[in-house]
Amino acid sequence: MARIIKSPDIRTNELIDCAQRLFFEHGYENTTVNDVIREAGLSKGAFYHYFASKEALLEALAARMARQSLTEMQPLLEDPSLDAVGRLNALFANSRRMKVDMAPQLKNTFNALFKPENIVLYHRIDEALTDVTLPFMTEILRRGQEDGSLDAPDPEAMALMLLNLRLGVVKVMHRALQQAEAGDVESAAAMLDAWMQSYGLAVERILKLPEGSIQVTEPGFARAFLAA
């Protein structure tokens, strides 16, 4: 039987597809490179031609998921009915929806990434996500500065500040997940909700918006995420 030759892009995406299925079903730590190789039907040499390690594969998966999410959000930039504040709120709403829809998978991923031995990997993942998200966020702030709906004299710098602020929320989200898994869902939800509200307040103050302009969370979100 003739060997099927596929383009590098197709092979790369096939490997990421396999990794996503295995990571989400069994957890990142419980999945080996050999598991991905078997799932993809490739040789070990072929795998390492595309990815240097399992960590690199996870980075690629995170970046692809971020790109897919932003592709879905791209029409927001062209929606004439939305100003920059409306676009930011739509972005946060989409993030909430994704977190609830993918809560079980996120729990597995967070539990792996927040272990002390994975701190370097965690920051590499965050850099990959920031690289994808920063241009989109910058463009929203640039348009807001131009139309006067918010205050962002240096859109890229301020977009980076907002993305860095979310790291604190992600850490609290992991802590809340651990607390919920230990049986205290209500306290965990209250803690997560308070932190997300504080994040929204910080966004408003950085961009000099009236209080209540930004809706990072909504009633019931924290509990829905933790109980999913």
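Calculation criteria
Residues numbered from 1 in each chain as written. Predicted model: local features only at pLDDT ≥ 70, side-chain atom pairs only at ≥ 80, totals over all residues. Heavy atoms only, no water. Axes fitted to C-alpha atoms, helices over the stretch in contact; angles between N-to-C directions. Helix = DSSP H or I, 4+ residues; strand = E, 2+ residues; numbered from the N terminus. Parallel < 35°, antiparallel > 145°, perpendicular 65-115°, else oblique. Left-handed = near helix turned anticlockwise from the far one by under 90°. Contact = heavy atoms within 4.5 Å. Nonpolar A, V, L, I, M, F, W, Y, C, P; charged D, E, K, R; others polar. UniProt positions renumbered as here; feature names shortened; annotations may be inferred. Core = buried A, V, L, I, M, F, W, Y, C linked by side-chain atoms within 4.5 Å. Buried < 20%, exposed > 50% of the residue type's maximum accessible area, 1.4 Å probe, protein only. Phe/Tyr/Trp six-rings, centres within 6.5 Å; stacked < 30°, edge-to-face > 60°.

### Describing the packing of helix 4 (residues 54-73) against helix 8 (residues 119-147)
Remark: helix 4 packs on helix 8, axes separated minimally by 9 Å, with the N-to-C direction vectors making an angle of 25°. The pairing of helix 4 with helix 8 is recorded here as roughly parallel in orientation. Seen along the crossing, helix 4 lies across helix 8 with a hand that is right-handed. On helix 8, the residues touching Glu55, Ala56, Leu58, Glu59, Ala62, Ala63, Ala66, Arg67, Leu70 and Met73 of helix 4 are Leu121, Arg124, Ile125, Ala128, Leu129, Val132, Thr133 and Phe136. Taken together, the residues of the contact of helix 4 with helix 8 break down into 13 nonpolar, 1 polar and 4 charged.

### Digging into the environment of leucine 106
Here leucine 106 shows up in helix 7 (residues 103-113). Placed 52 residues apart in sequence, leucine 106 and lysine 54 show a C-alpha to C-alpha distance of 18 Å. What leucine 106 contacts, discounting residues up to four positions off in sequence, is Lys99 and Phe225.

### Some thoughts on the UniProt feature "DNA-binding region" (unreviewed entry) in the chain
According to UniProt, the feature "DNA-binding region" (unreviewed entry) maps to residues 32-51 in the numbering used here. Between the first and last C-alpha atoms of residues 32-51 the distance is 13 Å; the span itself is 75% helix and 0% strand.

### Comments concerning the nonpolar core
Leu141, Leu192, Leu207 and Leu226 are the most contacted members of the largest nonpolar core, which has 74 residues in total. When residues in this core are grouped by element, the largest group, 12 residues, is from helix 9 (residues 155-181). Those residues in contact with leucine 141, other than ones at most four positions away along the chain, are Leu88, Leu150, Ala152, Pro155, Met158, Ala159, Leu162 and Leu207.

### Comments concerning unusual backbone geometry
One non-glycine residue, lysine 208, lies in positive phi territory at about 55°. Looking at the element boundaries, lysine 208 is found in the loop between helix 10 (185-206) and helix 11 (221-227).

### Concerning the UniProt feature "domain: HTH tetR-type" (unreviewed entry) in the chain
The sites that UniProt annotates as "domain: HTH tetR-type" (unreviewed entry) are residues 9-69. Annotated as residues 9-69, this span is 80% helix and 0% strand, and its ends, taken at the C-alpha atoms, are 19 Å apart.

### As for the environment of tyrosine 199
With respect to the helices and strands, the residue tyrosine 199 is situated in helix 10. Between the C-alpha atom of tyrosine 199 and that of leucine 162, which follows or precedes it by 37 residues, the distance is 9.1 Å. Residues in contact with tyrosine 199, not counting those within four places in the same chain, are Phe92, Leu162, Leu165, Arg166, Val169 and Val216.

### Section: the packing of aromatic side chains
For the structure shown, the criterion picks out 5 aromatic pairs. Each ring, one from phenylalanine 47 and one from tyrosine 48, has its centre 5.1 Å from the other, and the planes form 90°; the classification is edge-to-face. Judged by centre distance (6.0 Å) and plane angle (85°), the rings of phenylalanine 92 and tyrosine 199 are edge-to-face. Placement of the pair is phenylalanine 92 in helix 6 (residues 84-101) and tyrosine 199 in helix 10, with a sequence separation of 107 residues. A single burial state applies to phenylalanine 92 and to tyrosine 199, both of which are buried. A connected cluster of aromatic rings, assembled from ring pairs, spans Phe47, Tyr48 and Phe51.

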